[in-house]
Amino acid sequence: MSEVAPIVFVSREDATNAADWVQALQQAMPGERIVPFDALDEQARAQCQIAVVANPDPQRLRDLPQLRWVHSVWAGVERLAPQLRDSGLQLTRLVDPRLSSTMAEAVLAWTLYLHREMPLYAQRQRFRVWQAEQYVLPEQRTVGILGLGTLGVEAARALLGARFKVCGWSRTARSLEGVQTYSGEQGLHDMLGRCDILVCLLPLTSDTHGLLNAERLAMLPPQAQLINFARGPIIDDAALCAALDSARLRHAVLDVFATEPLPADQWQWTHPSVTVLPHCSAPTNRETASAIVAANVQRFRRTGEIAANVDLERGY
């Protein structure tokens, strides 16, 4: 019986991170042979049908002539999907309950950060100002979520558990218990007008690139606050800066940026109304992610079924 072709791991991460991924995947799949791209010779590359990837160089995928299936260990595939659109390959993004719960935790934590006026108190401490704000009940604040996929649904539940009023917007109509839901362009307009705090969890696609432009940011109530845990280019940076400069928006918590790491000369670092985070809201857990990849690979070996869950035309 011929040897099963290796599974190639393709990544732009540094060598240590890549080696850690290979080790975690190998432990989750002891019956498979997980090999980094650079360790495969031309003959082995010609045999590979499965690639497990973390932000790969697309040229490396083109150097695998028998490749059928690309399984990302990231939830976001906005860079990869357009590159594979005409490739004939099937693409799977990571859907990990642990990632969803981690994101929900982050959404709740940073919503509370804004709700309890922590940026304001930090500024007052720097200037030795002893002054308390009037407490606002969570039931009196509306948190809006852009994106009601797996991450958005878990975040909404966490916010409801903390007694916030929650509304949510998605491209197509959805129903979620306890959440006022909106869809479409008019729905986006209507929801933005209600939000005291807006949380962005949308995938980056051609439709969402620049979605929060000056016009839409102006739809938010005066002194609204913003959290972006999605992708940087969804928000127009210049429009956001102008809204914060004018105090039309009160504060923004930004975990994602058009260029990462955020260059040292960018305005977000020093703006008094911005909290900068280093893309840390919901990091992938190698062990749980590897277990999910392993289960999908095992099903493929057994049935031939590929757990493709990305529409390459839509980009997510």
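Our structure's up above, just so we're on the same page.
Thresholds applied
- Residues numbered from 1 in each chain as written.
- Predicted model: local features only at pLDDT ≥ 70, side-chain atom pairs only at ≥ 80, totals over all residues.
- Heavy atoms only, no water.
- Helix = DSSP H or I, 4+ residues; strand = E, 2+ residues; numbered from the N terminus.
- Rg over C-alpha atoms; globule rule 2.2 N^0.38 Å.
- Contact = heavy atoms within 4.5 Å.
- Areas by Shrake-Rupley, 256 points an atom, 1.4 Å probe, with all protein chains shown as cover.
- Buried < 20%, exposed > 50% of the residue type's maximum accessible area, 1.4 Å probe, protein only.
- Pairing = 2+ DSSP bridges.
- Axes fitted to C-alpha atoms, helices over the stretch in contact; angles between N-to-C directions.
- Polar contact = N/O pair within 3.5 Å; in protein donor to acceptor, adjacent residues only side chain to side chain.
- Core = buried A, V, L, I, M, F, W, Y, C linked by side-chain atoms within 4.5 Å.
- Expected span 1.5 Å × (residues − 1).
- Arc of directions from axis to C-beta.
- Parallel < 35°, antiparallel > 145°, perpendicular 65-115°, else oblique.
- Left-handed = near helix turned anticlockwise from the far one by under 90°.
- Nonpolar A, V, L, I, M, F, W, Y, C, P; charged D, E, K, R; others polar.

(A) Spatial organisation of the overall build of the protein. In terms of helices and strands, the protein carries 11 helices and 12 strands. Here the C-alpha atoms of the protein give a radius of gyration of 22 Å, agreeing with the 20 Å that 2.2 N^0.38 yields for 316 residues. Expressed along its principal axes, the backbone C-alpha trace of the protein runs to roughly 75 × 40 × 30 Å. Counting contacts in the protein only where the partners sit at least 6 residues apart, residues at least 24 apart contribute 61% of the total. Of the accessible surface of the protein, which amounts to about 15,800 Å², a share of 50% is contributed by carbon and sulfur atoms.

(B) How the structure looks around the environment of Gly184. Its place among the elements puts Gly184 in helix H8 (residues 184-192). For Gly184, a relative accessible area of 26% translates into the label partly exposed. Residues Gly184 and Ser170 lie 14 residues apart in sequence; the distance between their C-alpha atoms is 7.4 Å. Other than its neighbours up to four places away in sequence, Gly184 contacts Trp169, Ser170 and Arg171.

(C) Quick look at the sheet that holds strand E7 (residues 165-170). Read across the sheet, seven strands follow the order E8-E7-E6-E9-E10-E11-E12 without closing on themselves; strand pairing throughout is parallel. Two strands close off the open sheet at either side, each with one partner strand: strand E8 (180-183) and strand E12 (274-276). When strand polarity is set aside, the average angle formed by the axes of neighbouring strands in this sheet is 15°. In terms of strand pairing, strand E6 (residues 142-146) meets E7 through five bridges, oriented parallel. Pairing of Gly144 across the sheet is with Cys167, part of E7. Across the sheet, helix H7 (residues 150-161) lies against E6 and E7, angled at about 170° from E6, the strand it touches most.

(D) Broad picture of the side chain of Thr208. Examined against the element boundaries, Thr208 turns out to sit in the loop between strand E9 (197-200) and helix H9 (214-217). A distance of 2.7 Å separates a polar atom in the side chain of Thr208 from the backbone oxygen of Pro203. Engagement of the side chain of Thr208 in a polar contact is seen with the backbone nitrogen of Thr205, the distance being 2.8 Å. Leaving out residues up to four positions away in the same chain, Thr208 has contacts with Leu202, Pro203 and Ile234.

(E) Up close: the nonpolar core. Residues Leu146, Met191, Leu198, Leu220, Leu240 and Leu249 are the most contacted members of the largest nonpolar core, which totals 32 residues. At the level of elements, E7, H8, E9, strand E10 (224-228), helix H10 (237-245) and strand E11 (249-254) are the ones that each hand at least two residues to this core. Ranked by the residues each element gives to this core, the list is headed by H10, at four residues. What Leu146 contacts, discounting residues up to four positions off in sequence, is Trp169, Leu188, Met191, Leu198, Val199, Cys200, Leu201, Leu202 and Leu212.

(F) Spatial organisation of H7. With 12 residues, H7 ought to run about 16 Å at 1.5 Å a step, and its terminal C-alpha atoms sit 17 Å apart, in line with that. Taken together, the buried positions of H7 are occupied by Gly152, Val153, Ala155, Ala156 and Leu159. Down the axis of H7, the buried set is contained in an arc of 165°. They therefore lie on one face. Phi for Arg163, located one or two positions after H7, is positive at around 80°.

(G) Region of interest: the packing of helix H5 (residues 97-115) against H7. Orientation of H5 relative to H7, taken along the N-to-C sense of each, is 45°, at an axis distance of 8 Å. In terms of orientation, H5 and H7 fall into the oblique class. In this structure, H5 meets H7 at a crossing whose hand is right-handed. Between H5 and H7, the contacting residues are Leu99, Ser100, Met103, Ala104, Val107, Leu108 and Thr111 on the first element and Thr150, Leu151, Glu154, Ala155, Ala158 and Leu159 on the second. In the contact of H5 with H7, the residues fall into nine nonpolar, three polar and one charged.

(H) Seen up close, the packing of helix H1 (residues 15-28) against helix H11 (residues 286-303). Packing of H1 against H11 brings their axes to within 8 Å, and their N-to-C directions diverge by 50°. Between H1 and H11, the crossing angle belongs to the class labelled oblique. As H1 packs across H11, the resulting crossing turns out to be right-handed. Here Asn17, Asp20, Trp21, Ala24, Leu25 and Ala28 of H1 lie close against H11, whose contacting residues are Arg286, Ala289, Ser290, Ala291, Val293 and Ala294.

(I) Here's a closer look at the environment of Ala252. Turning to its location among the elements, Ala252 is positioned in strand E11. Between the C-alpha atoms of Ala252 and Arg314, which are 62 residues apart in sequence, the distance is 28 Å. In this structure, Ala252 is in contact with Leu226, Leu240, Leu244, Ser273, Val274 and Thr275, ignoring residues within four places of it in sequence.

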